[in-house]
Amino acid sequence: MQECDGSDVTFCDNMAVRMILQSDWLDALRENDGHAWLSCKRLGQPSVQGELKSMGLSNDGSVYVTASEGFQVGEVTKRSIVLSCPRENCGAKFVAPTTVFQKIHSKTVSCLDVSSGGGLGVSCSTDGTMKVWEAGNGTVRRELQGHIGEVNTCRFFPSGMVVLSGGMDSQLKIWSAEDGSCPVTFRGHKGGVLDTAMIERGRNVVSCSRDGTAKLWDCGSASCLGTYSDCGGPVNGCAVGVPDNSVTLGEPDETPSDREVLTEGKLLLLACEEGLLRAFGVQSRKPVFQFAAFAALNCCCFLSSVRVVCGSQDGRIYELDIRDTRQPVQVVQLSESPVLSLVRFQSEFLASLGDGTSFLPGMEETLPVQLTGPDCDPTYRVAACGNHVYTACRDGVVRKYVL
């Protein structure tokens, strides 16, 4: 098993400088003689402050904008603006939401997902509700009732018509998005379920929990097929992917149950509270590697057969090559706020943070993209379907963006 001690990590300066723009910049600039503040901040140093000023609207609804000294304005569209700070060699594209859904939930939206076809969304809230809604307009189609207490995680099966959820009641449930029925409940965890992952079409699923374990389940029989070893504390996030065939996943000690479907050749990632990213062969249950960060890990995802990312409580996002995890490929840090969710987007990733920021990192000549809207409220989850992105925020709002 490969193992990396955090003391071996060397940090790059990727995105150590960030542009910050007023959260409601678009509305502010569209007012008569509107203004919006902006700044450029390097981690650990004072900010460079500036201001945008509206000079009116074009025929297509875009705002004519000028920037104060030290900043430059690039391309402006109806819902986006490119800004730069030449002195710090820093720039970003800011995108405002196309739609804001304020009536799906009354309190914090803690998790959401969008169906593979993009037609439906599902979300859960600290108000104790879990709802299925139309992704186009936010109209609530169904409320899913059955968990005792808060629901921590919800996601669609690949079919887009079935939902998997996990809650503080230590249970996982499978729901019909069409009629709200719950035909299957999984019991076996001894602490709240924090995240889930699908294997292929979803005959088998994986869950991770505050009890320090991850479990493999068979949906047809509602039975636990295996438990991945105690991780020493809560397991905050999990992901399943198909690794490069050069990665050794180990052999199972016993012949797998015939209830296991397509688990061979799959790798399970676990983002652990103790600051470790642990990896196991799904079928073998054997450890493959572990990587140590400097703070608790909250989330993880696969970018390809060799690239994975995990996000930590101190704001760092580690990109790893699973063929050799002794050193990260890069460490991205936008702020010191916790990284709360990561999702693959095209060939890269979208991240959401505890300061309300959601961003797509810039690669090579591409500027980073920041999604605006939340005013310092944590964005707990980001989900994507095609070029549409949805965010779940503590302010109780679901926002929809087009990238």
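Scroll up for the structure.
Predicted model, so just to flag it, every value in this text is computed and none were measured.

1. Details of the side chain of H105
Looking at the element boundaries, H105 is found in the loop between β9 (99-101) and β10 (109-114). Given the relative accessible area of 4%, H105 is considered buried. There is a polar contact of 2.9 Å between the side chain of H105 and the side chain of T129. Ignoring anything within four residues of it in the chain, the contact list for H105 reads S123, C124, S125, D127, T129, K131 and G396.

2. Here we look at the sheet that holds strand β4 (residues 48-57)
As summarised here, the arrangement of the four strands in space is β2-β3-β4-β5, forming an open sheet in which the pairing is antiparallel. Of all the strands in the sheet, the pair left with one neighbour each is β2 (17-21) and β5 (63-67). Put simply, the sheet's adjacent strands are angled 25 degrees from each other on average, direction ignored. As paired strands, β2 and strand β3 (residues 35-42) are joined by five bridges and run antiparallel to one another. Bridging across to β3, R18 finds its partner in K41.

3. Notes on the pairing of strand β12 (residues 130-134)
Look at any regular strand and the pattern is simple: side chains alternate between the two faces of the sheet. Most of β12 sits inside the fold, with four of its five residues counted as buried. Two elements, strand β11 (residues 120-125) and β12, share five bridges in a ladder whose sense is antiparallel. Among the inter-strand pairings, G121 is bridged to a residue of β12, identified as W133. Where β11 folds back onto β12 in an antiparallel hairpin, the turn is made up of four residues, including G128, whose phi is positive at roughly 90 degrees. As defined by bridge partners, β12 adjoins strand β13 (residues 140-143) across three bridges and the pair is classed as antiparallel. Its bridge partner being in β13, W133 is matched across the sheet by V140. Turn length for the β12-β13 hairpin, with the two strands adjacent in sequence and antiparallel, is five residues, and the turn residue G138 shows positive phi of about 80 degrees.

4. Considerations on unusual backbone geometry
A positive phi is found at N89, a non-glycine position, where the angle reads about 55 degrees. Relative to the elements of secondary structure, N89 occurs in the loop between β7 (80-85) and β8 (90-95). Phi angles above zero are rare outside glycine, and A222 is one such case at about 55 degrees. Inspection of the secondary structure puts A222 in the loop between β20 (214-218) and β21 (223-228). Classification of A222 as partly exposed rests on a relative accessible area of 31%.

5. Digging into the packing of aromatic side chains
Here a ring pair, both rings aromatic, is described through the centre-centre distance and the interplanar angle of the planes. Tallying each qualifying case throughout the model produces five aromatic pairs. Between W133 and Y390, the ring centres sit 6.1 Å apart and the planes meet at 55 degrees, which makes this aromatic pair tilted. A residue pair is termed long-range when its members are at least 10 positions apart, and W133 in strand β12 and Y390 in strand β35 (residues 388-393) qualify at 257 residues. For the residue pair W133 and Y390, the accessibility class agrees, reading buried in each case. Following the ring pairs from residue to residue traces out a cluster consisting of F101, W133 and Y390.

Criteria and thresholds
- Residues numbered from 1 in each chain as written.
- Predicted model: local features only at pLDDT ≥ 70, side-chain atom pairs only at ≥ 80, totals over all residues.
- Heavy atoms only, no water.
- Helix = DSSP H or I, 4+ residues; strand = E, 2+ residues; numbered from the N terminus.
- Buried < 20%, exposed > 50% of the residue type's maximum accessible area, 1.4 Å probe, protein only.
- Polar contact = N/O pair within 3.5 Å; in protein donor to acceptor, adjacent residues only side chain to side chain.
- Contact = heavy atoms within 4.5 Å.
- Pairing = 2+ DSSP bridges.
- Axes fitted to C-alpha atoms, helices over the stretch in contact; angles between N-to-C directions.
- Phe/Tyr/Trp six-rings, centres within 6.5 Å; stacked < 30°, edge-to-face > 60°.

No statement about biological role is implied by the geometric values presented.
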